[in-house]
Amino acid sequence: MAVIEGRDIVKVYGSMKALDRVSLTVEAGDFYGFFGPNGAGKTTLIRILTGQLMPTSGTASVLGVDVVKEPMKAKELIGIVPEVESPPTYLTAYEYLYFVGKVRKVDRLEDRIGRWLDFFDLEEKKGTICKDMSKGMRQKLMLASAFLHDPKLLFLDEPFINLDPIYQRTLRDYLEEFVAKGGTVFMASHILEISERLCNKLSIVNLGRVVAQGQIDELLKDGENLERLFLRSVGIKASGGDAPRRTSSS
Amino acid sequence: MLREEFRTHSSYSGKSRFMSFPIFVFVMVFASGLTLDTMLVTIPLERFATFAHLGAFLYGLSVGAFGIMGREYLDRRYGRNNYLIAMPYLLPLSFRTTFLGIYLRDVVFYIVLMLVPATLGLVAAAPLMGFSLVSIGLLFVAMVLTFLVGMSLSFLASVVYIRNTRAFVAMTAAVAVLFLAHGAFGVPALEALMPGLGFQMSVRPFGHDTVAAYYYALGCVGISAVMTVLAYALVQVRISVQSKEHVDMLPSYYRRIRMSEGLGRTLMAKELLDLRRSGVVAKMFFAFVLPLLFLSFTTWYVNYGLAIPVGFNAVFYAAMVGFVAVMMYNWLNNVDLAEYYSLLPVTVPQLVRIRIAVFLILTVGISAFFVVAISILNGETELLWLALIVMFVTSLYMVVLTAYLTGLKTNSFLFDTSVLMKFTVLSFLPDLCLTILSFSLLAAWTYAVIGIALVLGSMAVTTRILYKGIETKWARTSFEA
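Residues numbered from 1 in each chain as written. Chains lettered and ligands numbered in written order. Predicted model: local features only at pLDDT ≥ 70, side-chain atom pairs only at ≥ 80, totals over all residues. Heavy atoms only, no water.

A. Summary view of the overall build of chain A. Along its length, chain A carries nine helices and 12 strands. For 250 residues, the compact-globule estimate of 2.2 N^0.38 gives 18 Å, and chain A sits close to it at 18 Å. Projected onto the principal axes, the alpha-carbon positions of chain A cover approximately 55 × 45 × 35 Å. Put simply, chain A has 250 residues, and 56% of those count as buried. (Helix = DSSP H or I, 4+ residues; strand = E, 2+ residues; numbered from the N terminus. Rg over C-alpha atoms; globule rule 2.2 N^0.38 Å. Buried < 20%, exposed > 50% of the residue type's maximum accessible area, 1.4 Å probe, protein only.)

B. Seen up close, the overall build of chain B. Regarding its fold elements, chain B presents 21 helices and zero strands. Classification of the 481 residues of chain B by burial places 51% in the buried group. Sequence-distant contacts, at least 24 apart, represent 77% of the contacts inside chain B between residues at least 6 apart. Roughly 22000 Å² of accessible area belongs to chain B as shown, and the carbon and sulfur atoms make up 70% of that amount. (Contact = heavy atoms within 4.5 Å. Areas by Shrake-Rupley, 256 points an atom, 1.4 Å probe, with all protein chains shown as cover.)

C. Region of the structure containing the sheet that holds strand β5 (residues 65-66) of chain A. Residues and elements named next belong to chain A. A sheet is described by the order of its strands in space; here four strands give the open sequence β2-β1-β4-β5, paired in antiparallel fashion. Each edge of the open sheet is held by one strand with a lone partner, namely β2 (16-27) and β5. Looking at chain direction, strand β1 (residues 2-13) and β2 are connected through eight bridges and run antiparallel. When the bridges of β2 are listed, isoleucine 9 appears paired with valine 22. Along the sheet, helix α1 (residues 42-49) makes contact with β1, β2 and β4 (57-62), crossing β1 at roughly 120 degrees. (Pairing = 2+ DSSP bridges. Axes fitted to C-alpha atoms, helices over the stretch in contact; angles between N-to-C directions.)

D. Structural context of the interface of chain A and chain B. Contact residues are listed per partner, giving 34 residues for chain A and 38 residues for chain B. At the boundary of chain A with chain B, total buried surface from both sides reaches about 3100 Å², with 60% on carbon and sulfur atoms. Ranking the residues of chain A by area buried against chain B places Tyr90, Phe99 and Val103 of chain A at the top, with a combined share of 23%. Along the contact surface separating chain A from chain B lie two salt bridges. (Buried area = accessible area lost by both parts, 1.4 Å probe. Salt bridge = Lys/Arg side-chain N within 4 Å of Asp/Glu carboxyl O.)

E. Fine view of the packing of aromatic side chains. Inspection of the entire model under this criterion finds 31 aromatic pairs over all chains. In this structure an aromatic cluster arises from ring pairing among Trp116, Phe119, Phe120, Phe147, Tyr167, Tyr174 and Phe178 of chain A. Stacked on the ring of phenylalanine 99 of chain A, the Lys or Arg lysine 270 of chain B has its end atom at 6.0 Å from the ring centre. (Phe/Tyr/Trp six-rings, centres within 6.5 Å; stacked < 30°, edge-to-face > 60°. Lys NZ or Arg CZ within 6 Å of the ring centre and 35° of its normal.)

F. Structural detail: the pairing of strand β7 (residues 153-157) of chain A. All names here are of chain A. Among the five residues in β7, five count as buried, and that is most of the element. Residues Leu153, Phe155 and Asp157 line one face of β7 and the alternating positions Leu154 and Leu156 line the opposite face, and both faces are buried. Here five bridges tie β7 to strand β8 (residues 184-188), and the two strands are oriented parallel to one another. Residue pairing in the sheet places aspartate 157 in a bridge with alanine 188 of β8. This β-α-β element, β7 to helix α6 (residues 165-180) to β8, shows right-handed connectivity. (Right-handed = clockwise from strand over helix to strand, strands pointing away.)

G. Structural detail: the nonpolar core. In this structure, Ile4, Phe99, Phe147, Leu175 and Phe186 of chain A are the most contacted members of the largest nonpolar core, which totals 166 residues. No other element matches the 13 residues that helix α18 (residues 384-406) of chain B contributes to this core. If we ignore the near neighbours within four places in the chain, the residues touching phenylalanine 99 of chain A are Leu91 of chain A together with Leu250, Thr266, Leu267, Lys270, Tyr340, Tyr341 and Leu344 of chain B. In this structure, Leu54, Tyr103, Val144 and Ala231 of chain B belong to the second largest nonpolar core, which totals 52 residues. (Core = buried A, V, L, I, M, F, W, Y, C linked by side-chain atoms within 4.5 Å.)

H. Examining the pattern of salt bridges more closely. Residues and elements named next belong to chain A. By the definition in use, this model includes 17 salt bridges over all chains. The shortest N-O distance in the salt bridge between arginine 169 and aspartate 173 comes to 3.6 Å. A residue pair is termed a helical-turn pair when its members lie 3 or 4 positions apart in one helix, as arginine 169 and aspartate 173 do in helix α6 at four residues. Put simply, glutamate 224 and arginine 232 hold a salt bridge, and the shortest N to O gap is 2.8 Å. Residue classification places glutamate 224 among the buried residues on the basis of a relative accessible area of 17%. The structure contains a network of salt bridges with shared partners spanning Lys17, Asp20 and Arg209.

I. Structural view of the pairing of strand β10 (residues 209-215) of chain A. Residues and elements named next belong to chain A. Bridge count for strand β9 (residues 201-206) against β10 is six bridges, and the pairing is antiparallel. Residue pairing across strands places asparagine 206 opposite arginine 209, the latter belonging to β10. Where β9 folds back onto β10 in an antiparallel hairpin, the turn is made up of two residues, including leucine 207, whose phi is positive at roughly 50 degrees.

J. Highlighting the packing of helix α4 (residues 45-63) of chain B against helix α10 (residues 195-202) of chain B. Residues and elements named next belong to chain B. Running from N to C, α4 and α10 point in directions that differ by 150 degrees, and their axes come no closer than 10 Å. With respect to α10, the axis of α4 lies roughly antiparallel. As for how α4 packs across α10, the hand of that crossing is right-handed. Contacts from Glu46, Ala49, Thr50 and His53 of α4 reach α10 at Gly196, Leu197, Gln200 and Met201. Of the residues contributing to the contact of α4 with α10, the split by class is three nonpolar, four polar and one charged. (Parallel < 35°, antiparallel > 145°, perpendicular 65-115°, else oblique. Left-handed = near helix turned anticlockwise from the far one by under 90°. Nonpolar A, V, L, I, M, F, W, Y, C, P; charged D, E, K, R; others polar.)

K. Just the packing of helix α3 (residues 93-103) of chain A against helix α13 (residues 263-278) of chain B, in detail. Running from amino to carboxyl end, α3 of chain A crosses α13 of chain B at an angle of 155 degrees, the nearest separation of the two axes being 9 Å. Considering their axes alone, α3 of chain A and α13 of chain B lie roughly antiparallel with respect to each other. Judged by the sense of rotation from one axis to the other, the crossing of α3 of chain A with α13 of chain B is left-handed. Of the residues in α13 of chain B, those touching α3 of chain A at Glu95, Phe99, Lys102 and Val103 of chain A are Leu263, Thr266, Leu267, Lys270, Leu273 and Arg277 of chain B.

L. Quick peek at a nonpolar patch on the surface. On the surface, a cluster of nonpolar side chains totalling about 520 Å² of accessible area is made up of Val425, Leu426, Phe428, Leu429, Leu432 and Ile436 of chain B. Here leucine 426 of chain B lies in helix α20 (residues 417-439). (Patch = residues over 30% accessible without salt bridge, like charges linked within 9 Å, V, L, I, M, F, W, Y side chains within 5 Å.)

M. Spotlight on the sheet that holds strand β6 (residues 78-81) of chain A. Residues and elements named next belong to chain A. With mixed pairing, the six strands of this open sheet are ordered in space as β6-β7-β8-β3-β9-β10. Edge positions in the open sheet fall to β6 and β10, since each of these has one partner strand only. Across the sheet, the mean angle from the axis of one strand to that of its neighbour is 10 degrees, orientation sign disregarded. Contacts from helix α9 (residues 226-233) reach β3 (31-35), β9 and β10 within the one sheet, and its direction differs from that of β9 by about 35 degrees.

Below, the structure written as structure tokens:
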């Protein structure tokens, strides 16, 4: 069953085409990776699929809800972690989760808040308001707020950024378990080592266009890893040394 | 820095719309210039010059208040964007140098934004009305001098406020006493308080005292320089993060709000807690009360200082209170960035409506107190019932009008000419009607009350239409800056 459907999505900012007829389908239980160089259109697509931004043209739905027509209904069903961690300045971690829980009408709220504060070790800095938190703490809080209402579908934009190796591992384990239990993850990330371990499908975009799409194991050529696939797809030739070179075709 | 400031403003409403703001100023001044002869029949040119300088002084005061926020100013204003001006974090630039940079940038930017197009408006009217270009040039210089004094005073006062609240109160009180003393006794002269006005009165078309003009100009520059240097030296440098422990209060705020369970109650609790934690309430209080005091002083000055018999009464003040209170709504939109709302099933209209409610909670008490106090001081308690109704209806009308036109970005959209024009017309018309009708209360009570009732009724109906319209106008808008 498709939980995310995007058809011919176009997004134009002024004279710049950020997305050019992007189409994709994500099935329930997929861990879907969405990769591309900086400025390729990853965050724009996530924002469109989560009802935060209207596309210029094209259609998009999540969990059967048309995100263009009913963005609020879509947001009720999904969890979103944005690229830049930006929790409210003047709330503590507990208060932010309480706020999100009340907005989302989460039942057994206290239990759930306790669970996620404990999971991300946020109890330790209980009385700290968000503006005084480290970037890592804020990122953990954004993750906790996205998981709080037990959504079946998660949109994660660079979820591992700012996390220390311990919590990168913790999050990775949690996401694997989440997908194993039938959840679906749509993730944009530049950390290809972790992504390769987690994702079963992917799209690679470059300059707003999809340049590779499908099952990862089918896309990888002999002995190739995700990094090589990525570089090949966006037209960068890996020379075998440290410095990749852009091929003439790009 | 100037390019960044321009791009920041134009990013909100579009380059062409922002660029049309100075054109709007130009057209307004040009039109005023064409009607100046008619207006001079009732009001002498000196009075016009005085009011223009008071305006420039106030404009300077409002521009220079950025020092009040110290480091918070940079964090909140620029949020997640990196601006050259926020470089103390990255480059070997001190906060003091940065603040001096902001000061100099704002001097240039806001003179070009307002005073230059205003002057050009007069220049355009000159061939038709026979204005002297030299006089217009001298007027521009005088206005810049007054603007500089106002801006420097505000910059210094806001920096002092961060250092020591008592010193700030003393400083504000001293300035207020000087203006009050001028109003009551004519001493000190207004030219001493605003040397730019002194310069103005010493040159064409008011006088020909070049030496006095020279000294007044020197005085303005000297006073501005001294205040700026003092502010530069006193700027609070708060590079270290002062982490403070907080008790979780949101649940108790939520429980205390007497609203039905749901989104509105949650948003309201958070907004009120934000206000408490951010410390903005005290600043908002000053931003609200100071204009009220200034308004009282101005009307008192017109009545007694200039000896112009105008029938200011409690109903007039009540209408003005409603119009002044709208600044508080702007403050509410600047307490925190709202980007995280875009991750939740919350719409811009829902938050706008909650901020209107918070606005009313914050202002109705203070406004009512002011109106009651004015009624008692003026011996007009018989007008109190009417004044309170006028105050409430105008406050509600103004905040709903502002919310409808500007959503969550009041500060930015009021620089959009099309928005500004709508705002000007829709606020000026009822304001003018209420002012005229309030002046008629003593002479023709029944007709004035019926007139006021009709105006208030129209405002109430418009308020309802605009309040409903907030949904359709802002439903598809993003929370992002």
